[in-house]
Amino acid sequence: MPAAHLRPRVPLAQTNLISTLLLSLCLHTGSVTGGIMKADETQNGGGDTISHSLALVQHLEALLAQGNGSDVALRVQTVGAEQVKVIQAHSLMLSLQSPVFEELLLSRNGTTLVLLETAECAAVFDKFIRYLYCGEISLCLEQATSLHKLATKYRVQGLQQGVTQYMTQNLASNSPSGHVVEWYQYALQTGDVALRDSCLQYLSWNLSSVLQSGEWTHVSNDLLMTLLQRSDLILQSEMELFAALEAWINQNEPDALTAENALRAVRYAMMPPLELFRLQTQSPVLARYQESVRDLLYQSYQFHSSSPLHMAKYFDVNCSLFMPRNYLSPAWGSPWVINNPMRDDRSTSFQTQLGPSGHDANKRVTWNSLFSPRWLPLSMRPMYSEQGSTQPTRVDGGRLRIIITPATSSAEFAGVSFQKTVVVMTRKQGKMVVRHVYNFHQSTEETGDFLVEADLHRKTSEYLVDGSLHLHIVVKPLYQTLIATKK
């Protein structure tokens, strides 16, 4: 069949509309002087290019604003509200951009199309329609979910993807009441997995700031439990998390089962015994639900009073109760600011507690950290021949690396596995937030992707703050190797 027969036939009414639109554009563009832009000789056969794309967008915007050649009136209504918004539009433009509009316009009766929208969506409907004409849109945090709903409802994929990207890039933006929790709930409802995961990661990595914000009390029961069960939370201490949970329970007054499940997700063994005792005697919430967490408190006191090796004979120390999160307090690690990180190797030393158990509270481990901007893997290092001459070294193959090792070895280390976590900070919207997290045992070379996307040669790199690399090293002692299965 000839190709011409495969082309869809344009209805007469739509042909007339196309003519009307073209005439309107010609009337507006008649006075515009054509601009000639020299093209590269290797492109377009060496010819020149005339571009009026910006002017065309401006004329399409004027066409929408003035309603010239309009053949459909969009009547935007909100359920339960008397206010109605009417927009004079063109069915051709709507159909080209949205398959949903195309179907609605084909089945309509008359020149008016009634659209039922929520109050939030109705408020930004003008912006949404303008995008269909101009291909661009300005938005703020408060409008993101409404525009995403409209783009999803009318299947405008370009706008839907663009708003999702905007939301992902603006998780750290300041807003009066917070927005990340709201966006997470919205992503969960709509099935937007990418946005959901981005919000959850932001909440987990920046939990300390979230706990102090107004949106913490608006966290749903499900999101609360999702956060409490994670080991990658970044916060000052487990005490900080308990205080926030106590405030959440007082504010939301959940049912007893929800409160008990949340309190059982707290890792009481990660609290020093004195703080744990203070909670038992001073916390109204813990006093109210103490029976539901009595076994956890009892195990935590046992954990602090005996050696981990002895503890492992009777309890499973591999459960979450005895597993640290990413705590930023001095007992668990140290911040490290590296000025001009691509200049040369740097080193630092810090101390941490041997383990979270009270038995190890007074034992300290000194750690040496080496940061190298041009570390060479073994296969790329200089090779020495029998005569002592070196083979050429591919210096350009070096990559960023951090090595963290104990300053001395000790018999007390037996059975303790140290996981190291490097938290990379950056500044967004005027505040410090977590940019990335890397977990390893001795060297970041184990991860394979340590700062591979960070161009630290540029002072404007997203990974740098005023030309410096801001890190926080966390050492997490784990007792898994002490586990002895109880018979």
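Keep in mind it's a predicted model, so treat the numbers as computed, not measured.

About the criteria used
- Residues numbered from 1 in each chain as written.
- Predicted model: local features only at pLDDT ≥ 70, side-chain atom pairs only at ≥ 80, totals over all residues.
- Heavy atoms only, no water.
- Helix = DSSP H or I, 4+ residues; strand = E, 2+ residues; numbered from the N terminus.
- Buried < 20%, exposed > 50% of the residue type's maximum accessible area, 1.4 Å probe, protein only.
- Contact = heavy atoms within 4.5 Å.
- Areas by Shrake-Rupley, 256 points an atom, 1.4 Å probe, with all protein chains shown as cover.
- Phe/Tyr/Trp six-rings, centres within 6.5 Å; stacked < 30°, edge-to-face > 60°.
- Pairing = 2+ DSSP bridges.
- Axes fitted to C-alpha atoms, helices over the stretch in contact; angles between N-to-C directions.
- Salt bridge = Lys/Arg side-chain N within 4 Å of Asp/Glu carboxyl O.
- 1 Å grid on protein atoms, 1.4 Å probe; cavity = no way out; pocket = protein on both sides within 12 Å on 5 of 7 lines; lining within 4 Å.
- Points joined across faces, edges and corners; volume = space filled by probe spheres on them.

*Asks:* Before we go on, may I ask you to explain the overall build of the protein in this structure?
*Replies:* The number of helices and strands found in the protein is 18 helices and 14 strands. Taken across its 487 residues, the protein has 43% of its residues classed as buried. If you take every contact in the protein between residues at least 6 apart in sequence, the share linking residues at least 24 apart comes to 66%. Summing over all exposed atoms, the protein offers an accessible surface of approximately 25,900 Å²; the carbon and sulfur share of this is 52%.

*Asks:* I'm lost on the environment of Tyr463 in this one. Help?
*Replies:* Within the secondary structure, Tyr463 is located in the loop between β13 (431-440) and β14 (468-478). On the accessibility criterion, Tyr463 (4% relative accessible area) is buried. Here the alpha-carbon distance between Tyr463 and Arg435, two residues 28 residues apart in the chain, equals 7.2 Å. If we skip the residues at most four places from it in the chain, Tyr463 touches Val424, Met425, Thr426, Arg435, His436, Leu451, Glu453, Ala454, Leu456, Ser468 and Leu469.

*Asks:* What should I look at first to understand the packing of aromatic side chains in this one?
*Replies:* For any pair of aromatic rings, the description consists of the separation of the ring centres together with the inter-plane angle of the planes. Considering all chains together, one arrives at nine aromatic pairs under this definition. With a centroid separation of 6.2 Å and 80° between ring planes, the pair formed by Phe125 and Tyr154 is classed as edge-to-face. Taken together, the positions of Phe125 in helix α6 (residues 125-134) and Tyr154 in the loop between α7 (144-153) and α8 (157-169) put the pair 29 residues apart, joining distant regions of the chain. Accessibility classification places Phe125 together with Tyr154 in one group, the buried group. Relative to Phe322, the ring of Phe303 has its centre 4.8 Å away and its plane inclined at 40°; by these criteria the two rings are tilted. Highlighted residues: Phe303 in helix α17 (residues 290-305) and Phe322 in the loop between α18 (308-311) and β7 (326-327), separated in sequence by 19 residues. Under the relative-accessibility criterion, Phe322 is labelled buried at 2%. Ring pairs connect the aromatic residues Phe101, Phe125, Phe128 and Tyr154, which therefore count as one cluster.

*Asks:* Help me understand the sheet that holds β14 in this model?
*Replies:* In any sheet, the strands associate via hydrogen bonds between backbone groups, in a parallel or an antiparallel arrangement. Taking strand neighbours across the sheet as the criterion, the four strands line up as β8-β14-β12-β13 in an open arrangement whose pairing is antiparallel. The open sheet has two free edges, formed respectively by β8 (333-339) and β13, since each of these has just one partner strand. Strand-to-strand, the axes of this sheet are offset by a mean angle of 25°, without reference to chain direction. As defined by bridge partners, strand β12 (residues 417-428) adjoins β13 across nine bridges and the pair is classed as antiparallel. Looking across to β13, one finds that Val424 is bridged to His436.

*Asks:* Mind showing me how you'd approach the pattern of salt bridges here?
*Replies:* Note on pairing: side chains with opposite charge can pair once their charged atoms come close. If you walk through the whole model with that rule in mind, you get 17 salt bridges. Taking the shortest distance from any N to any O, the salt bridge between Asp71 and Arg108 comes out at 3.9 Å. On the criterion of sequence distance, the pair formed by Asp71 in the loop between α2 (53-66) and β3 (72-78) and Arg108 in the loop between α4 (99-106) and β5 (112-117) is long-range, its members being 37 residues apart. By relative accessible area, Asp71 is classed as partly exposed at 24%. One network of salt bridges, with partners in common, ties together Arg343, Asp344 and Arg346.

*Asks:* In this structure, what is going on with the pairing of β5? I would like to understand it.
*Replies:* Every regular strand shows the same layout, with side chains that alternate between the two sheet faces. Taking every second residue as pointing to the same face, the buried face of β5 carries Leu113, Leu115 and Glu117, while none of Thr112, Val114 and Leu116 on the other face is buried. Note: β3 against β5, six bridges, orientation parallel. If you follow Arg75 over to β5, its bridge partner there is Val114.

*Asks:* What exactly am I supposed to notice about empty space enclosed by the protein here?
*Replies:* Sizing a probe to match a water molecule and rolling it over the atoms shows the empty space that remains. Evaluation of the coordinates by the stated rule reveals one cavity of 30 Å³ or more. There is about 50 Å³ of room inside the largest cavity. The wall of the largest cavity is formed by Arg399, Leu400, Arg401, Thr444, Glu445, Gly448 and Phe450.

*Asks:* What should I look at first to understand helix α12 (residues 221-228) in this one?
*Replies:* Each full turn of the α-helix corresponds to 3.6 residues, which orients residues three or four apart in the same direction. Among the residues of α12, Leu223, Leu224, Met225, Leu227 and Leu228 are the ones counted as buried. Among the structural elements, α9 (180-190), α10 (193-205), α11 (207-211), α13 (238-252) and α14 (256-264) are those in contact with the buried residues of α12.

*Asks:* I tried to follow unusual backbone geometry on my own but got confused; where do I start?
*Replies:* Of note, the phi angle at Asn340 is positive, near 45°, even though the residue is not glycine. Looking at Asn340, the relative accessible area reads 42%, which means it is partly exposed.

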